[in-house]
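Observations on the model geometry
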Amino acid sequence: MAEPTWIERHVPGRHGDVRVREYRPSEPIGPRLVWVHGGGWVVGTLAEPEAHLVSMRVAAAGFPVTSVEYGLVPMFPVVGPMRLRPSPFRYPVSQDQVMDAWLDARATHGGPMWLGGASAGACLAAAVALRLRDGEGEAPIGLAFLYGLFHGVLPPASASLRRRLFGLADLRVMQEMVRRAAVNHVGSAQELANPHVFPGLGDLTGLPPVHLLNADRDILRASAENFAHRLTLSGVRHDGLYLPGTTHGFLARPESEAFRLGTQALAGWMSA
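Residues numbered from 1 in each chain as written. Predicted model: local features only at pLDDT ≥ 70, side-chain atom pairs only at ≥ 80, totals over all residues. Heavy atoms only, no water.

1. Considering the pairing of strand S1 (residues 5–11)
Side chains on a regular strand alternate between the two faces of the sheet. Sheet topology note: the S1/strand S2 (residues 18–24) ladder contains seven bridges and is antiparallel. The residue bridging His 10 from the neighbouring strand is Arg 19, located in S2. The hairpin formed by S1 and S2 contains six residues between the paired strands, and Gly 16 there has a positive phi angle of roughly 110°. (Pairing = 2+ DSSP bridges. Helix = DSSP H or I, 4+ residues; strand = E, 2+ residues; numbered from the N terminus.)

2. Description of the environment of Ile 29
Following the sequence through the fold, Ile 29 ends up in the loop between S2 and strand S3 (32–36). Separated by 33 residues in the primary sequence, Ile 29 and Gly 62 place their C-alpha atoms 5.0 Å from one another. If sequence neighbours within four positions are ignored, Ile 29 has contacts with Ala 61, Gly 62 and Phe 63. (Contact = heavy atoms within 4.5 Å.)

3. Quick look at the side chain of Arg 21
When you line up the elements, Arg 21 lands in strand S2. One polar contact links Arg 21 to His 52, side chain to side chain, over a distance of 3.1 Å. With residues up to four places along the chain from it excluded, the contact list for Arg 21 reads Trp 6, Ile 7, Glu 8, Leu 46, Ala 47, His 52, Val 65, Thr 66 and Ser 67. (Polar contact = N/O pair within 3.5 Å; in protein donor to acceptor, adjacent residues only side chain to side chain.)

4. Overview of helix H5 (residues 171–186)
Across its 16 residues, H5 extends 23 Å between first and last C-alpha, which sits within 8% of the 22 Å expected from 1.5 Å per residue. Taken together, the buried positions of H5 are occupied by Met 174, Val 178, Arg 180, Ala 181, Ala 182, Val 183, Asn 184, His 185 and Val 186. Those residues of H5 that are buried are in contact with helix H2 (93–109) and helix H3 (120–136). Capping the start of H5 is the job of one residue whose side-chain oxygen sits 2.9 Å from the backbone nitrogen of Arg 172: Asp 170. Positive phi shows up at Gly 187, right after H5, with a value of about 95°. (Expected span 1.5 Å × (residues − 1). Buried < 20%, exposed > 50% of the residue type's maximum accessible area, 1.4 Å probe, protein only.)

5. Observations concerning the packing of aromatic side chains
Summed over the entire model, instances satisfying the criterion amount to six aromatic pairs. Note on Trp 6 and Tyr 23: the rings are 6.1 Å apart at their centroids and 35° apart in plane angle, and the pair reads as tilted. Of the two residues, Trp 6 is situated in strand S1 and Tyr 23 in strand S2; the sequence distance between them amounts to 17 residues. Overall, the relative accessible area of 36% leaves Trp 6 in the partly exposed class. (Phe/Tyr/Trp six-rings, centres within 6.5 Å; stacked < 30°, edge-to-face > 60°.)

6. With respect to the packing of helix H1 (residues 52–60) against helix H7 (residues 257–271)
Taken N-terminus to C-terminus, the directions of H1 and H7 make an angle of 50°; their axes are 9 Å apart at the nearest point. Here H1 lies oblique to H7, going by the angle between them. Remark: the crossing between H1 and H7 carries right-handed chirality. On H7, the residues that touch Leu 53, Val 54, Arg 57 and Val 58 of H1 are Phe 259, Arg 260, Thr 263, Leu 266 and Met 270. In the contact of H1 with H7, the residues fall into six nonpolar, one polar and two charged. (Axes fitted to C-alpha atoms, helices over the stretch in contact; angles between N-to-C directions. Parallel < 35°, antiparallel > 145°, perpendicular 65-115°, else oblique. Left-handed = near helix turned anticlockwise from the far one by under 90°. Nonpolar A, V, L, I, M, F, W, Y, C, P; charged D, E, K, R; others polar.)

In structure tokens, the structure reads:
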């Protein structure tokens, strides 16, 4: 079977053009995936493995992919006062860019579509899914989130997660890094409770089926596990899986077995 092909396009958006890469399988067999890479809202490009190689693997399995590049904010201070550098890409800009890419993919390609993302990209994708549910466009038929972040302030880690992280890192330091990244994304600590930014705080009723794949030894598991619990309370069909022994960001490590299993899971969800 021939390798997938891809092109780059600039999609008109409300904050200017949005750059996307569109991947075409040699033999398409299923729906399109609109994919959003992670990176704490401060790093990430269309060329990185979590965007490009993930898209190539999913397309090789027969599914067209639109990978979205969104505006990044400057790196935040990891210690000391939380002084933010100016940026034109704080909320709602990056979320709007994902929405604009989704709406363009619907208008350009049509047919059934999935929406998914990794880490901070899952946060953007889940927020867009809630906006689509509320009438901004046609909703996806499924959602795929890998080691997703859905909160600006992490929920408490479960006892099992604390055991898995023992000796790996200082929990308080990691929780503070997530909080700082979230403040950097929205521009203000007051916005950390905004469910329109952090979908783990919102009403999840009416979402399409959700598939979650989490890293085993990852503090962000606390967010994904809380999100899954809220999906249950909202009556949303979902499943949650873990890759044993893995840490956050395994889709950025294409040489790993976890990368193979993660991309295989994405394609498997879509084929089902």
